[in-house]
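A look at the structure
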Amino acid sequence: MSGPARERPIVIVKKKRVSSRGAHHGGSWKVAYADFVTAMMAFFMVMWLINLDQSTRSAIGGYFSNPTAFRTGGAPSIAPNPLSAPPSTTDPVPMQLAMRAQERSRYERAAEALRKRIQENQDELGLNTLIEITITEEGLRIELVEDGEGTTFFPLSSAMMSETGHKALTLIGVELAELTAAVIIEGHTDAMQFSSRASYTNWELSADRANAARRVLEGEGVARSRVVGVRGLADRYLRIPDNPAAEANRRISILLPFSDVLQELDGQRGRVLGA
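The structure contained in this document is the topic of the report that follows. (Residues numbered from 1 in each chain as written. Predicted model: local features only at pLDDT ≥ 70, side-chain atom pairs only at ≥ 80, totals over all residues. Heavy atoms only, no water.)

Across its full length, the chain carries 8 helices and 5 strands. Shown N-terminal to C-terminal, the secondary structure of the chain runs as helices and strands in the order α-α-α-α-α-β-β-α-β-α-β-β-α. Across the chain, contacts joining residues at least 24 apart in sequence account for 69% of those joining residues at least 6 apart. Carbon and sulfur atoms make up 56% of the accessible area of the chain, which totals about 18,700 Å². (Helix = DSSP H or I, 4+ residues; strand = E, 2+ residues; numbered from the N terminus. Contact = heavy atoms within 4.5 Å. Areas by Shrake-Rupley, 256 points an atom, 1.4 Å probe, with all protein chains shown as cover.)

Here it is in structure tokens:
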């Protein structure tokens, strides 16, 4: 007969109740996710600002420095306020200013590229300050000006372009062909008059010179559709009014007008034609 039976040990099992709310580690992940989204938004805003041109960045900076001025028309608006009423069609000034700022930036880059090209070809052209490139209130203006020291774009009283003039306009045409802006070409003369009996005057001469310049520009790739005006202005807009006979009054001027200037010119032409 076996010995006395051993007593079975008592095992106590304790179950720990876990709260269902603890399974998601609380709401801290939401805060972290919100911080991440905010950081990404800030990053993309910075990247967007970096890729804007200088004039637009300046306009944005001006808005945050003085937003009241933007609302009162003191500076161009960056973007429409979604909470405000749509802009009035009778007050297009802010939109025109914003568009002009963008166009000015493009024209400044084009002017710099053209100056660089002229400098690189200085020896071949034999020019110094005969090609003047400026940004005016009208737009980008390029002027080929006689210097009175032997370098001429057209012989005196002639619309037959010189070799120097052809080289200069060829160089300009290649650069302008890369753009899309409208082009206006103007011919100017000095105040020296032809014979009183001559049927050919400074009006015809200036117009013929402007058309000669147009043909060269179009031959270098400037689309014909971009040429919106060819003007013969004779001696009506002298560069040196105090010396009407000065050589510098004889010049070819190429204007790439701002959009609002072009619209105003079209409006003036419409009024003249009774449109």
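Past the structure itself, the notes keep going.
Note on aromatic pairs: each is described by the distance of the centres and the angle between the planes. One pass over the structure, following the stated rule, counts 2 aromatic pairs. Judged by centre distance (5.7 Å) and plane angle (85°), the ring pair of phenylalanine 194 and tyrosine 200 falls under edge-to-face. Overall, the relative accessible area of 30% leaves tyrosine 200 in the partly exposed class. (Phe/Tyr/Trp six-rings, centres within 6.5 Å; stacked < 30°, edge-to-face > 60°. Buried < 20%, exposed > 50% of the residue type's maximum accessible area, 1.4 Å probe, protein only.)

So, on to the nonpolar core. Soluble globular proteins tend to bury their nonpolar side chains together. With 34 residues, the main nonpolar core has Ile142, Leu144, Ile172 and Ile254 as its most contacted residues. Counting only elements with at least two residues in this core, the list comes to α4 (93–120), β1 (131–135), β2 (139–145), α6 (163–176), β3 (183–188), α7 (202–219) and β5 (251–257). Residues in contact with isoleucine 172, not counting those within four places in the same chain, are Leu114, Ile131, Ile142, Leu144, Leu217 and Ile254. (Core = buried A, V, L, I, M, F, W, Y, C linked by side-chain atoms within 4.5 Å.)

A separate point is unusual backbone geometry. Its identity as a non-glycine residue notwithstanding, serine 157 has a phi of 65°, on the positive side. As for its placement among the helices and strands, serine 157 is situated in the loop between β2 and α6. On the accessibility criterion, serine 157 (43% relative accessible area) is partly exposed. Even without being glycine, alanine 234 reaches a positive phi, approximately 50°. Its location among the elements puts alanine 234 in the loop between β4 (227–232) and β5. Residue alanine 234 is classed as buried on the basis of its relative accessible area of 2%.

The next point concerns the sheet that holds β1. The strand order across the open sheet built from 5 strands is β1-β2-β5-β3-β4, with neighbouring strands paired in mixed fashion. Edge positions in the sheet fall to β1 and β4, since each has one partner strand and no second. For this sheet, the mean inter-axis angle between neighbouring strands, taken without regard to orientation, is 15°. The sheet contact formed by β3 and β4 spans 5 bridges and is parallel. Bridge pairing links isoleucine 185 to valine 230 in β4. (Pairing = 2+ DSSP bridges. Axes fitted to C-alpha atoms, helices over the stretch in contact; angles between N-to-C directions.)

Let's shift gears to α6. For an α-helix, the turn length of 3.6 residues means that residues three or four places apart are oriented alike. Taking 1.5 Å per residue as the helical rise, α6 with its 14 residues ought to reach 20 Å, and the 20 Å between its terminal C-alpha atoms agrees with that figure. Every buried residue of α6 is accounted for by Gly165, Ala168, Leu169, Leu171, Ile172, Gly173, Glu175 and Leu176. (Expected span 1.5 Å × (residues − 1).)

Right, let's get into the environment of isoleucine 142. In this structure, isoleucine 142 sits in strand β2. Between the C-alpha atom of isoleucine 142 and that of isoleucine 254, which follows or precedes it by 112 residues, the distance is 5.0 Å. Dropping the residues within four chain positions of it, isoleucine 142 is found in contact with Leu114, Ile131, Glu132, Ile133, Ile172, Leu176, Ile252, Ser253 and Ile254.

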